[in-house]
Amino acid sequence: MLAYHTRTALAAISRGPYICRSCLRRGKSLPLAVAHNPISIPNRTFQTDAEPPPNDNNDTTSFRKLLKDAAKKKRKAARDVPPSSKRAQKGKDPRLEKWELTVGIEVHAELNTARKLFSRAATSSSDTPNTHVALFDTAFPGSQPQFQRETLIPALRAALALNCDIQPKSSFDRKHYFYQDQPSGYQITQYYEPFARDGHVTLYPHDFPAGVSPEDGPVTIGIKQVQMEQDTAKTIHEPPSTHLLDFNRVSHPLIEIITLPQIHNPTTAAACVRKIQTILKTVNAVTTGMEMGGLRADVNVSVRERSAPSTEHGHSYSGVTGLGQRTEIKNLASIKAVEEAIVAERDRQIDLLESGGVVEGETRGWTLGNTTTKRLRGKEGEIDYRYMPDPDIAPVIVGKDVVAHLRNTLPMSSDDCVNMLVDGQDYRLTSKDASTLLILDDGDRLDYYFDVVESLKTIFSGNAEILPRVGKVAGNWVLMELGGLFRNEQWSESRVPSKQLASIIVHLLNKQITGRTAKLLLARKFEGDPSSVEQIIANEDLMLRPLSREEYMDLAQKLIEEKPDMVNDIVEKQQHQKVKWFVGRMMSKGAEGTVEPGTAEAVLRELLQLPPMEQK
Amino acid sequence: MSLLKHAKEHLSNQSTFNFLNAFVSLADRTSLLARAQSADEAQLASPHGARHGLAGKLIGIKDNICTTDLPTTAASSMLKNFMSPYDATVVKQLRGAGAIVAGKTNMDEFGMGSHSTHSAFGSVQSSRRGGEILSAGGSSGGSAVAVASAQCWAALGTDTGGSVRLPAAYTGVVGYKPSYGLLSRWGVIAYANSLDTVGIMARHVDGVKSIFEKLNVYDPQDPTSLPPSTRSHLGSSKTTTLLKIGIPLEYNISSLHPTVRKAWIQSLRHLEECGHTLHPVNLPSTQHALSAYYVLAPAEASSNLAKYDGVRYGSRAEGIDGTPSSVLFAKTRGQFLGPEVRRRILLGAFSLSAQAIDNYFIQAQKVRRLVSNDFNQVFEAPNQLVAGPSTLNSDGVDVLLCPTAPTLPPSLAEIENQEPLDAYMNDVFTVPASLAGLPAISVPVPIAKEDRNPELLEQGIRETAGMQIIGQFGDDNLVLDVARQLAQAVDLGSVHDQSDSITTA
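Quantities reported herein were computed from a predicted structural model and do not represent experimental measurements.

Cut-off values and rules
- Residues numbered from 1 in each chain as written.
- Chains lettered and ligands numbered in written order.
- Predicted model: local features only at pLDDT ≥ 70, side-chain atom pairs only at ≥ 80, totals over all residues.
- UniProt positions renumbered as here; feature names shortened; annotations may be inferred.
- Buried ≥ 20, exposed ≤ 12 C-beta atoms within 10 Å, placed from the backbone.
- Contact = placed C-beta atoms within 7 Å.
- Helix = DSSP H or I, 4+ residues; strand = E, 2+ residues; numbered from the N terminus.
- Pairing = 2+ DSSP bridges.
- Axes fitted to C-alpha atoms, helices over the stretch in contact; angles between N-to-C directions.
- Right-handed = clockwise from strand over helix to strand, strands pointing away.
- Parallel < 35°, antiparallel > 145°, perpendicular 65-115°, else oblique.
- Left-handed = near helix turned anticlockwise from the far one by under 90°.

Focus on the UniProt feature "active site" (unreviewed entry) in chain B
Residue and element names in this part refer to chain B.
And then number 1: Those places that UniProt annotates as "active site" (unreviewed entry) correspond, in this numbering, to Lys62, Ser139 and Ser163. In three dimensions, the annotated residues from a span of 102 residues occupy one location, with a maximal C-alpha spread of 11.0 Å.
And then number 2: Given 38 C-beta atoms within 10 Å, Ser139 falls into the buried group.
And then number 3: In contact with Ser139, not counting residues within four places along its chain, are Met107, Asp108, Gly111, Met112, Gly113, Ser116 and Ser163.
And then number 4: Assignment of secondary structure puts Ser163 in the loop between β6 (154-159) and α5 (165-171).

Take a look at the structure:
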């Protein structure tokens with residue numbers, strides 16, 4: 001939408017040529033559908049560079065800094081505000097009993113394509129500014145658009161994954177407004193005839209962060225339409241007053257996904273955006289996630305009195321009637337921002353209405369860390385976009401065979417993926433762990449988990465006893481143990497390579513090391529020990545050297561004799577759980593990595609003439 | 001006569017008629033003559049030594065068609081110093097055929113005008129009648145005058161609503177607008193994309209035809225260029241024997257000048273003498289065509305010209321432009337776009353606005369469809385772009401013959417006192433074929449002896465009126481053939497002056 005000019009970045013400027021000759025050659029030929037491991041979430045297939053884009057580019061850094069600053073600001077605000085004025089922190093807010101919130105969302109996502117929407121210039125996210133720009137991209141006199149039909153493929157995949165009806169005919173329109181990041185003075189979009197309509201996205205309990213689902217059961221949100229459009233140029237501010245333009249991004253293909261105003265809770269709105277993001281990633285339709293700037297959202301917010309007689313004076317948006325006057329909040333760059341902006345705007349509108357005011361139809365902005373939205377322009381300042389069918393671009397006709405082929409080759413949906421992780425015999429995760437894995441790190445954590453499981457399955461392929469447990473054990477290690485280490489750090493799958501974690505788990509499941517040793521090894525690898533797990537075990541003699549039965553007996557006997565009162569508790573008072581105390585003693589008395597708790601307990605129980613322990 | 005000799009004559013005329021202001025920029029004389037000479041040598045070396053094709057011929061290029069060797073300004077201050085980084089496809093094709101770009105011709109700014117007076121480089125002037133300077137017509141007035149005064153052999157123009165045909169009619173040359181989508185628009189600065197057509201001007205139909213044959217090729221860089229699969233269906237197999245000539249009755253308007261009406265009747269008589277039959281036909285939507293055109297063309301123009309902001313190329317206003325709350329180029333656009341261009345941008349912006357689009361833009365699109373249907377109903381050949389059974393309409397005609405403009409050229413002095421709407425009236429006969437995308441050509445026909453200006457008659461200057469031949473979509477060759485036949489017939493009919501004499505003062 002209107003110029004993503006608020007995004008800033010520091011980037012080196014070079015005076016590259018406007019027209020990149022190599023763009024004409026670099027684009028690879030694109031297969032109709034890339035063969036996928038049905039559950040893998042691959043990286044950007046069409047990246048034209050040999051190197052993947054660096055993760056720590058300036059966009060991310062500044063965004064993370066933004067988050068930190070926002071958190072700081074919030075903490076400060078919380079300290080400054082007396083507790084009595086804090087509203088709705090806990091329990092039900094009576095105002096929300098009275099007023100119902102309604103939200104519709106527009107999500108903009110950068111499509112994963114090799115070329116721009118209307119020229120053969122290559123797409124790029126981090127290349128030298130102004131090196132991938134065709135004549136049409138900078139609106140040179142006499143230049144004309146050449147629709148790149150391959151860009152339809154990721155767009156169609158996205159629309160199919162969002163359960164849309166693909167339109168056999170769609171067309172492009174010009175949306176006029178002046179801004180320096182929009183070279184032709186208009187954006188080419190699909191206003192009158194979008195390429196996909198009438199989809200939906202369903203949110204399940206696993207789509208919400210643990211335990212915060214405000215909905216009873218699954219909730220379905222309608223998608224009005226999905227349209228293709230051009231991105232704008234990137235504006236780089238050089239304070240105090242210089243604006244540099246990078247036209248590499250101009251005309252990068254985007255899709256805009258417009259939901260119906262059917263959302264009544266800020267958390268649901270956030271979950272909806274996250275779900276759309278997951279779906280787009282799953283079908284390999286988009287370049288990056290929201291935090292990388294590849295996804296942006298606008299939200300429409302209105303409130304209405306629940307008890308008020310419906311329709312009569314209400315507004316109607318996208319066929320949903322009886323709504324309050326809505327405002328639009330533009331250009332939200334994170335899921336957190338979506339949720340917080342909606343809360344802020346909802347509260348502002350309720351305040352206004354309760355004090356006898358009227359909500360104006362206007363466009364508002366929101367900055368991360370703020371508590372209120374800010375008016376950008378009112379109705380009188382509203383731009384008349386003067387939509388006009390583009391006379392140079394023929395309608396897009398999509399054949400049924402193409403749609404059928406793309407539908408048949410669609411990767412597994414995130415919901416099916418959760419089901420597979422829970423019910424599949426290779427994984428057997430809890431529903432909570434499964435959805436956590438799916439949400440984390442744009443799906444990278446899930447990929448990592450699959451790699452670990454794959455290694456373990458190969459190693460234990462003949463082992464009927466251990467094989468059924470590897471999925472769950474791997475899940476624990478990837479989410480809990482490794483997750484704990486990454487708590488305050490950016491995820492990176494290369495920090496502890498999946499093969500190394502698998503090696504640790506193999507040693508553990510083979511009872512070659514103790515759990516404590518395993519955690520120690522993980523920490524060592526996490527801190528950057530260059531040696532392999534095997535080397536560390538060998539060099540530092542961490543391998544469990546099983547004591548002989550006699551040695552176990554001797555050690556146990558010695559410790560039992562030292563604590564007769566404890567033995568009395570166990571044997572006479574039947575406090576069997578106190579056996580564990582002796583197990584701990586045996587492990588600490590024995591040399592590192594020699595005493596295995598299961599065996600120790602069995603020996604102790606034998607000596608104390610207790611029933612053998614239950615099988616886990 | 002050798003190509004070099006012709007080239008020298010053209011250059012000499014360029015000096016003589018410099019005051020007509022036909023060119024905005026001229027090619028380098030030395031390299032131009034060198035190229036003409038080498039074309040001569042190449043022809044001598046060829047086995048037959050025959051003169052054919054475009055090799056060594058000087059062709060003027062309207063200044064809204066991109067060239068790398070000369071500036072491309074569209075006669076706008078906005079692009080006063082703009083050098084295009086690429087040649088338009090049509091220029092590339094001409095160069096490929098050995099033609100020499102003579103220079104860039106003057107025009108109405110961005111093609112908006114009917115007299116070639118709205119130019120940042122000053123008005124184009126045509127011949128004199130009495131003491132008065134006549135309008136060259138527009139917007140391709142520079143191309144027309146350059147051809148009429150033999151400053152070049154032929155010229156390219158662009159025709160959106162008559163911009164090639166009207167100046168051809170006013171200056172007495174042949175001006176041809178092919179079917180929409182045949183000639184590439186890649187590198188042609190857009191005025192109204194859905195109407196813009198590259199047009200060809202020359203003193204004879206054969207010259208026009210030889211250029212058309214070189215340029216009539218599919219160009220994948222122009223998304224509206226007709227692909228080979230469509231081209232193969234176009235064109236009827238009709239020859240110029242025994243055609244049915246349609247006379248559109250709606251073109252016989254009350255404001256049609258008697259001299260023009262007489263020339264029209266005379267032309268019809270000539271064609272009848274050739275063995276063709278005449279058939280009155282009705283095109284009822286014609287009366288709305290002009291209004292529809294002046295809604296649609298400015299609407300597209302307001303969109304197409306939004307790119308001129310001085311940010312990436314073009315002129316930029318001195319100092320700080322815009323306020324913190326507005327865009328950065330309001331001042332630039334106000335300063336460098338001329339009054340007629342600004343008028344049409346405002347007109348177009350209004351007709352596309354939310355409050356007006358239904359009553360103006362949408363209505364005009366409907367009228368455009370009606371105009372197109374009118375033509376399809378009177379032609380015998382079906383329109384190959386329209387879906388449905390393509391059967392012959394046996395009551396239909398093969399081509400239409402009507403005047404190109406309702407009057408002879410007005411004087412520049414008359415125009416100065418006109419309202420903009422009066423200027424728009426000049427396009428009343430050319431706009432319908434543009435809206436329907438049909439091939440149309442203006443052929444100069446001598447006016448009746450008794451109507452001639454005695455002063456010009458004495459000088460041996462032949463006064464003409466433009467007659468327009470319109471054909472079904474894709475029937476370009478038939479239109480060209482009828483044009484040639486009409487030109488020959490009227491030449492035989494008038495025993496005066498040889499056609500090679502220069503018609504300009």
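What to know about the sheet that holds strand β1 (residues 23-26) of chain B
Residues and elements named next belong to chain B.
And then number 1: Within the open sheet, the 11 strands sit side by side as β1-β3-β2-β6-β8-β7-β12-β13-β11-β9-β10. Their pairing is mixed. The sheet terminates laterally at β1 and β10 (277-281), the two strands that pair on one side only. Across this sheet, the average inter-strand angle for adjacent strands is 30°, counted without regard to direction.
And then number 2: Sheet topology note: the strand β11 (residues 399-403)/strand β13 (residues 464-471) ladder contains 5 bridges and is antiparallel. Each bridged residue has a counterpart across the sheet, and for Leu401 the counterpart in β13 is Ile469.

Concerning the pairing of strand β2 (residues 58-62) of chain B
Residues and elements named next belong to chain B.
And then number 1: Counting buried positions over the 5 residues of β2 gives 5, a clear majority of the element.
And then number 2: By the alternation rule, side chains of β2 split into Leu58, Gly60 and Lys62 and Ile59 and Ile61, which are all buried.
And then number 3: By the bridge criterion, 5 bridges tie β2 to strand β3 (residues 100-105) in an arrangement that is parallel. If you follow Lys62 over to β3, its bridge partner there is Thr105.
And then number 4: Crossover connection from β2 via helix α3 (residues 89-96) to parallel β3: handedness right-handed.
And then number 5: As judged from the 3 bridges shared by β2 and β6, these two strands associate in the parallel manner. What sits directly across from Ile59, in β6, is Ala154.

Observations regarding unusual backbone geometry
And then number 1: Residue Pro239 of chain A is joined to Pro240 of chain A through a cis peptide bond whose omega torsion reads 5°.
And then number 2: Within the element layout of this structure, Pro240 of chain A appears in the loop between β8 (234-238) and β9 (242-246).
And then number 3: Positive phi, normally seen in glycine, also occurs at Ala139 of chain A, with a value near 55°.
And then number 4: Mapped onto the fold, Ala139 of chain A is located in the loop between β1 (99-110) and α4 (152-161).
And then number 5: The phi angle at Ala75 of chain B is positive, at roughly 55°, despite the residue not being glycine.
And then number 6: For Ala75 of chain B, the location among the structural elements is in the loop between β2 and α3.

A few points about the packing of α4 of chain A against helix α7 (residues 400-408) of chain A
Residue and element names in this part refer to chain A.
And then number 1: Where α4 meets α7, the axes come as close as 10 Å, and the angle between the chain directions of the two elements is 65°. By the angle between their axes, α4 is roughly perpendicular relative to α7. Between α4 and α7 lies a crossing of right-handed hand. Taking contact as the criterion, the partners of Leu156, Arg157 and Leu160 in α4 are, on α7, Val403, Leu406 and Arg407.

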